[in-house]
Amino acid sequence: MEDRRPIACLWSDTQALVAVARCWSGEGGTRYLALGCEGSANKLGIGIIAHDALTGTPTVLSNIRHTFVSPPGTGFLPKDTAHHHRSFFVRVAHEALSAADITPSEIDCICYTRGPGMGGPLTSVAIAARTLALLWGKELVGVNHCVGHIEMGRAITGAQDPVVLYVSGGNTQVIAYAEQRYRIFGEALDIAVGNCLDRFARALEISNDPAPGYNIEQLAKKGGGVLVDLPYAVKGMDCSFSGILTRAEELAGQMRAGEKGPDGEVLTPEDLCFSLQETVFAMLVEITERAMAHVGSNQVLIVGGVGCNERLQEMMGAMAAERGGSVYATDERFCIDNGIMIAHAGLLAYETGLRTPLEESTCTQRFRTDEVFVKWRK
Amino acid sequence: MTTPIPPFPLPRVLTYPTAPGPPPLLIAQGAEGRLYKTTHLHPSRPCALKYRPPKPYRHPILDARLTKARIAAEAKVLDRCRREGVSVPAVYALDAAAGWLMMEWIEGVPVRAGINTWLGERGEEGEGEEGPIVELMGRMGDAVGRLHGTGIVHGDLTTSNMMLRPVVGSTTTDARRRAVEGEVVVIDFGLATQSSSDEDRAVDLYVLERAFASTHPRAERLFGHLLAAYGRTSKKAPGVLRKLEEVRLRGRKKSMLG
């Protein structure tokens, strides 16, 4: 530590100076710690991350998640989901602390999801985060859920300045960074792609455990004999999924009634899942490719729950390879909503001086990705 | 991590040893396909060949269906615009199943490049005179308005999909001014559809507005001049602008929660 001082003092970076001051004063160690609380949809996640105070290198200390799973044929309702989060918060928080092997006194800030998401679940977790902050005497940092996904994806994969495809149950966005904001180049004009998949799973009464999208993916792997014709709706860099869902639900109804498809083909759940995936993923890859061509990038990062679909990753990889680039994706620990991404993005903001005073520690269902001023990037 | 883009095999139509002339030149690899500069019928007649190669990521049946439909639709739309007097490239030849379309070669640079040259390294917006760029925004609005007037929506309006055809015999000497002069020629009708509804036209403008704001954040406030010019192009245009307000709100709302 003594050896580092002269080097660090040469840095103009305030972050390094603050770190050195901390070493001298004996306050804290050479790392920052944040606890992140996520609960914008049906996953309750709490994670603890450490940032090296001098290099900023992040280390995941713990990442615990508990998912509210609704019965087949139904979706998760805000009221039940909020109840789930309230019931499990203390248990998940304890688990996160013991897995990280730290005490609350070592933590620098409590980060929580400010939005976007479902009102009830967001509120439950925001209240729990406030309680922790008051209990332990810590600063609060409100985090944009989408920015959390992007920053975690960048940290895990090492992608420097990729075009980001953010696909989940609530969001479908093609994002690129420019002038301190994550700018949205394309998005779904109606429902999110994950919502389209989830609702189709309900139409087929597929299990929601561990996730409807995962079960569609497994069924699709067994299909592929027939590609059923579905609408294909791309408008520039935007797309639309509601018409496709309507048609897919219609076909599911015909299948249950024992009818054949429009071309006389025998309809099976496997082929319907296959056709739906092929169609909606082709649309996603197409709008991503258009954004990449537009900004002149050849790196693409996929984040969000739908991002762990291996078929989507494979299709994106084929597109990126053709452009001389590569695809970056993470596995379910970081793709699916989690607390660690909130901790990571919150800590990045905390290090630039951002705090959310208790009286402003609200949450909101609508919070656009491009509303966040990204102070921690050049 | 970054490997150079491998050279593409030429589409078959460019491999026939026909008229002598310069070898085909790959101009751009857009998301839509590849654009070659080659010649049509005579070595002195330059043309653009748009080729939609098979997409390896897409299911072959879906791919063939989309490619064929898009080439045929694009040719139809270009032909219609041409007949109605909108500035677009003329169609020379096509083979929809093979995925290619041969068009008139448009000289000049994309509007995106022109605007960027104009903006240059200037830091703050609102400095200095703005006449030439305001006029350009007006010509863009006018071009989109007249396009919509023919019953066509473009589907992918960006400043990369509009060309600035240089003025023949221009006497402008200032490089910045010259960068934003010229006729606006709309290109790349790959996603165009026939529609006269206010909704579709408003979405077309919305796509342009968002692409403009993301590509030229420093010139964002000039977009109003484009809309003003658009509003003057037809009796229906003011209604489209009112619809645009709705689309903006809906876009904002729907982007947050499914």
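Residues numbered from 1 in each chain as written. Chains lettered and ligands numbered in written order. Predicted model: local features only at pLDDT ≥ 70, side-chain atom pairs only at ≥ 80, totals over all residues. Heavy atoms only, no water.

### With respect to the packing of aromatic side chains
Residues and elements named next belong to chain A.
Okay, step 1: The final tally for this structure, using the stated rule, is three aromatic pairs over all chains.
Okay, step 2: Residues Tyr32 and Tyr350 carry aromatic rings whose centres are separated by 6.4 Å and whose planes lie at 75° to one another, so their mutual orientation is edge-to-face. Of this pair, Tyr32 sits in strand 1 (residues 31-38) while Tyr350 sits in helix 12 (residues 339-351), and the two are 318 residues apart along the sequence. Across the pair, exposure class does not vary: Tyr32 and Tyr350 are buried alike.
Okay, step 3: Seen from the ring of Tyr350, Arg355 lies directly overhead, with NZ or CZ sitting 3.8 Å from the centre.
Okay, step 4: Against the face of Tyr177 rests Arg377, its NZ or CZ located 4.0 Å from the ring centre. (Phe/Tyr/Trp six-rings, centres within 6.5 Å; stacked < 30°, edge-to-face > 60°. Helix = DSSP H or I, 4+ residues; strand = E, 2+ residues; numbered from the N terminus. Buried < 20%, exposed > 50% of the residue type's maximum accessible area, 1.4 Å probe, protein only. Lys NZ or Arg CZ within 6 Å of the ring centre and 35° of its normal.)

### Regarding the confidence of the model for chain A
Residues and elements named next belong to chain A.
Okay, step 1: On average, residues of chain A score 91 in pLDDT, and 92% of them are at 70 or above.
Okay, step 2: Averaged pLDDT values over the elements of chain A bottom out at 35 in helix 1 (residues 4-10) and peak at 98 in strand 5 (residues 139-144).
Okay, step 3: For residues 1-13, every residue scores under 50 in pLDDT, and the model assigns this stretch 15 contacts once sequence neighbours within four places are set aside. (pLDDT = per-residue confidence, 0-100. Contact = heavy atoms within 4.5 Å.)

### Quick notes on the UniProt feature "binding site: a divalent metal cation" (unreviewed entry) in chain A
Residue and element names in this part refer to chain A.
Okay, step 1: Those places that UniProt annotates as "binding site: a divalent metal cation" (unreviewed entry) correspond, in this numbering, to His145, His149, Tyr166 and Asp337. The greatest C-alpha distance among the annotated residues, which extend across 193 residues, is 11.8 Å, indicating that they converge on a single site. Of the residues named above, His145, Tyr166 and Asp337 line the largest pocket.
Okay, step 2: With respect to the helices and strands, His145 occurs in helix 5 (residues 145-157).
Okay, step 3: With sequence-adjacent residues up to four places away left out, His145 is seen in contact with Glu38, Ser40, Thr113, Gly115, Pro116, Tyr166, Asp337, Met341 and Ile342.
Okay, step 4: Within the structure, His145 has its side chain in polar contact with the side chain of Glu38 (distance 2.9 Å).
Okay, step 5: In this structure Asp337 comes out as buried when scored by relative accessible area, which is 9%.
Okay, step 6: The contact partners of Asp337, leaving out residues within four places of it in the chain, are Glu38, Ser40, Ala41, Lys43, Arg65, His145 and His149. (UniProt positions renumbered as here; feature names shortened; annotations may be inferred. 1 Å grid on protein atoms, 1.4 Å probe; cavity = no way out; pocket = protein on both sides within 12 Å on 5 of 7 lines; lining within 4 Å. Polar contact = N/O pair within 3.5 Å; in protein donor to acceptor, adjacent residues only side chain to side chain.)

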